[in-house]
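Working through the structure, step by step
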Amino acid sequence: MNPFQFNNRKIHRRLVLKGVGASVALPWLGAMSPALADRKISRPVRRFVAMNAGLGFHAPFLFPEKEGRGFRLTPYLEQLEDHVGDLTVISGLSHSNQNGSNGHASQMTWLTSAERPGLAGFKNTISLDQLIANQLGNQTRLPCLNLTTTGGSLSWTANGVNIPAERSPAKLFRRLFVDGSEKEIREEMKRLGQGKSILDTVRVDAQKLQKRIGPADRQKLDEYFSSIRDLENRMQQSEEWTQKPKPKVDRQPPADVQDRNDILARQTLMYEMIVLALQADSTRTITFDLGGMNAVPSNIRGVKTDWHNLSHHGKDQNKIDELRLIEQAEFRVFGQFLSRLKNLGENGNRLLDQTVILFGSNLGNASSHSWRNLPILVAGGPFRHGSYVAHDEKNNTRLANLFVDLARQVGVKIDRFGTSDAVGIRGLEAVG
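Residues numbered from 1 in each chain as written. Predicted model: local features only at pLDDT ≥ 70, side-chain atom pairs only at ≥ 80, totals over all residues. Heavy atoms only, no water.

Moving on: the nonpolar core. A general feature of soluble globular proteins is that nonpolar side chains tend to end up buried together. M51, Y271, I274, F334, F337, I357 and F359 are the most contacted members of the largest nonpolar core, which has 50 residues in total. Ignoring sequence-local partners within four residues, the contact set of F359 consists of M51, F57, Y271, L290, F331, F334, P375, I376 and L377. If you look at the next biggest cluster of nonpolar residues, it comprises 30 residues, including L399, V412, I414 and L428. (Core = buried A, V, L, I, M, F, W, Y, C linked by side-chain atoms within 4.5 Å. Buried < 20%, exposed > 50% of the residue type's maximum accessible area, 1.4 Å probe, protein only. Contact = heavy atoms within 4.5 Å.)

Encoded structure:
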């Protein structure tokens, strides 16, 4: 077996596929775990993962009857029974003024808290993941990963531009773990250099224009300058990382799920890619749009009705019964994801303890498109978990308050985010 270097530690791979511009270790047998999971780091590394279910979760099957610890498990929480001590269930949270251009518009603002999504004059604001990535992203090969199963995206720049999400686990794997040939690297370097040259030209022209415009336009131009500087920094980081070898994992490159309606297989495979990305420390900020569709999900026994139609059940018990099958399965595969993180170590801690996970939806009652009383779970990270926290269902606490605390726990020291009016929320306390 041929050793290769990873973070100054030699480990072995069992088998290598070699082709034009590619080198990938096969198969996944956990042999990489000592190097990926147990490497010594001088200080704790914090990571942030946000996951959103655009079609919501049926609240009566999620929220316990009584607040506090030792709550009775609901049908959805039964799927997370092994992880109750590693998560906090929270109700009574929402962003303010989320009536938008359509019933699902609040998904655009789930991670931003901008008001009136999609209506006239609306401009989105930076999403929480991008705020974190802008400050911490230079520490890893990729500042962030924005993932999806069906094409949606949760991430927005400071200028309110939606960032496209990756829906192919196969492409994601290549991006994370497959080195390019020398020719491909040269071409990538050339593209980066061309981009920097274009930015320099735009910046000179913009500076000339600034002398000819009024104060309001200068403010807009300053925002533009800020975007240019941010892009230049990202490109410089990309240039440095392009020349560094990527980490290798003993895992066969995945094949994308061909059945577009097999939502569980798509979620499961993307969860696996997220674990690998975190384990290899390729990025520390990830968003994942869990997806939803106007079709019958494949391979879920007992489901015969269009998923979107089921989410608008109108209290029809037959529809609710089918919806429960889908959503229970979603919680089950989420539980498998948590198990993987718990079973991996880093610097004497579980990888789960190093990762702050936000899991929930922008809809509290999908049947009526209600954006209040959102289903929210926080898992992992440096929190004292194991409880259900019920905020006022009529006078909701601002979800953005939670965002402030989540950012602070991963090392981004802020006092406000979006529409927040406090730092943190009742019922979620950090350990130590």
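Between helix α3 (residues 169-177) and helix α6 (residues 263-279), the least distance of the axes is 10 Å, while the angle of their chain directions is 10°. Considered as vectors, α3 and α6 are oriented roughly parallel to each other. Here α3 contributes P169, L172, F173, L176 and F177 to the contact with α6, which in turn contributes L269, M270, M273, L276 and A277. Split into classes, the residues belonging to the contact of α3 with α6 amount to ten nonpolar, no polar and no charged. (Axes fitted to C-alpha atoms, helices over the stretch in contact; angles between N-to-C directions. Helix = DSSP H or I, 4+ residues; strand = E, 2+ residues; numbered from the N terminus. Parallel < 35°, antiparallel > 145°, perpendicular 65-115°, else oblique. Nonpolar A, V, L, I, M, F, W, Y, C, P; charged D, E, K, R; others polar.)

With that settled, the discussion passes to the pairing of strand β7 (residues 87-91). Taken across its five residues, β7 has five buried, putting it largely inside the fold. Strand direction decides the pairing type here: β7 and strand β14 (residues 376-379), joined by four bridges, are antiparallel. Directly across from I90, in β14, lies its bridge partner I376. One ladder, built from three bridges, connects β7 with strand β15 (residues 387-390); its direction is parallel. Note that in β15 the partner of V89 across the bridge is Y388. (Pairing = 2+ DSSP bridges.)

The next subject is the side chain of D405. With respect to the element layout, D405 can be found in helix α9 (residues 399-409). Ignoring anything within four residues of it in the chain, the contact list for D405 reads F383, G424 and L428.

The tally for this structure, following the rule as stated, stands at twelve aromatic pairs. Taking 5.1 Å as the distance between ring centres and 20° as the angle between the ring planes, the aromatic pair formed by Y76 and F331 counts as stacked. You can see Y76 sitting in the loop between β6 (68-69) and β7 and its partner F331 sitting in helix α8 (residues 317-342), a full 255 residues away along the chain. Judged by its relative accessible area of 0%, F331 is buried. Grouping aromatic residues by their ring pairs yields a cluster made of F57, F61, Y76, Y271, F288, F331, F334, F337 and F359. The positively charged end of R324 is found above the aromatic ring belonging to F61, 5.0 Å away from the centroid. (Phe/Tyr/Trp six-rings, centres within 6.5 Å; stacked < 30°, edge-to-face > 60°. Lys NZ or Arg CZ within 6 Å of the ring centre and 35° of its normal.)

So, about the pairing of β14. Both faces of β14 are covered, namely the face carrying I376 and V378 and the face carrying L377 and A379. The pairing of strand β13 (residues 355-360) with β14 spans four bridges and is antiparallel. Bridge assignment links G360 to a residue of β14, and that residue is I376.

Once that is clear, we can look at the packing of α6 against α8. Following both chains from N to C, one finds α6 and α8 inclined at 20°, their axes separated by 10 Å at the closest point. Compared by their axis directions, α6 and α8 come out roughly parallel. For the pair α6 and α8, the crossing hand works out as right-handed. Across the interface between the two elements, L264, Q267, T268, Y271, I274, V275 and L278 of α6 pack against A329, E330, R332, V333, F334, F337, R340 and L341 of α8. (Left-handed = near helix turned anticlockwise from the far one by under 90°.)

Here we take up α3. Here α3 has its buried residues at P169, L172, F173, L176 and F177. Each buried residue of α3 sits inside an arc of 100° when the element is viewed along its axis, so together they form one side. (Arc of directions from axis to C-beta.)

A sheet is described by the order of its strands in space; here eight strands give the open sequence β6-β15-β7-β14-β13-β5-β10-β9, paired in mixed fashion. The two strands at the open ends of the sheet, each matched to only one other strand, are β6 and β9 (145-148). Of the strands in this sheet, β5 (47-52) and β10 (285-289) touch helix α2 (residues 128-136), which is tilted by about 160° from β10.

Looking now at the pattern of salt bridges. Per the stated rule, a full pass over the model turns up nine salt bridges. Between D86 and K342 there is a salt bridge, with the nearest N and O atoms lying 3.1 Å from each other. Of this pair, D86 sits in the loop between β6 and β7 while K342 sits in helix α8, placing them 256 residues apart in sequence. One exposure class covers both D86 and K342, and it is buried. Through salt bridges with shared partners, a single network forms among D86, K342, R350 and D353. (Salt bridge = Lys/Arg side-chain N within 4 Å of Asp/Glu carboxyl O.)

Tracing the sequence through the fold places L290 in the loop between β10 and α7 (307-311). Given a relative accessible area of 0%, L290 falls into the buried group. Distance from L290 to E330, taken between C-alpha atoms, is 8.9 Å for residues 40 residues apart in sequence. Non-local contacts of L290, meaning those with residues more than four positions away in its chain, are made with M51, N52, A53, T149, I263, Q267, Y271, E330 and F359.

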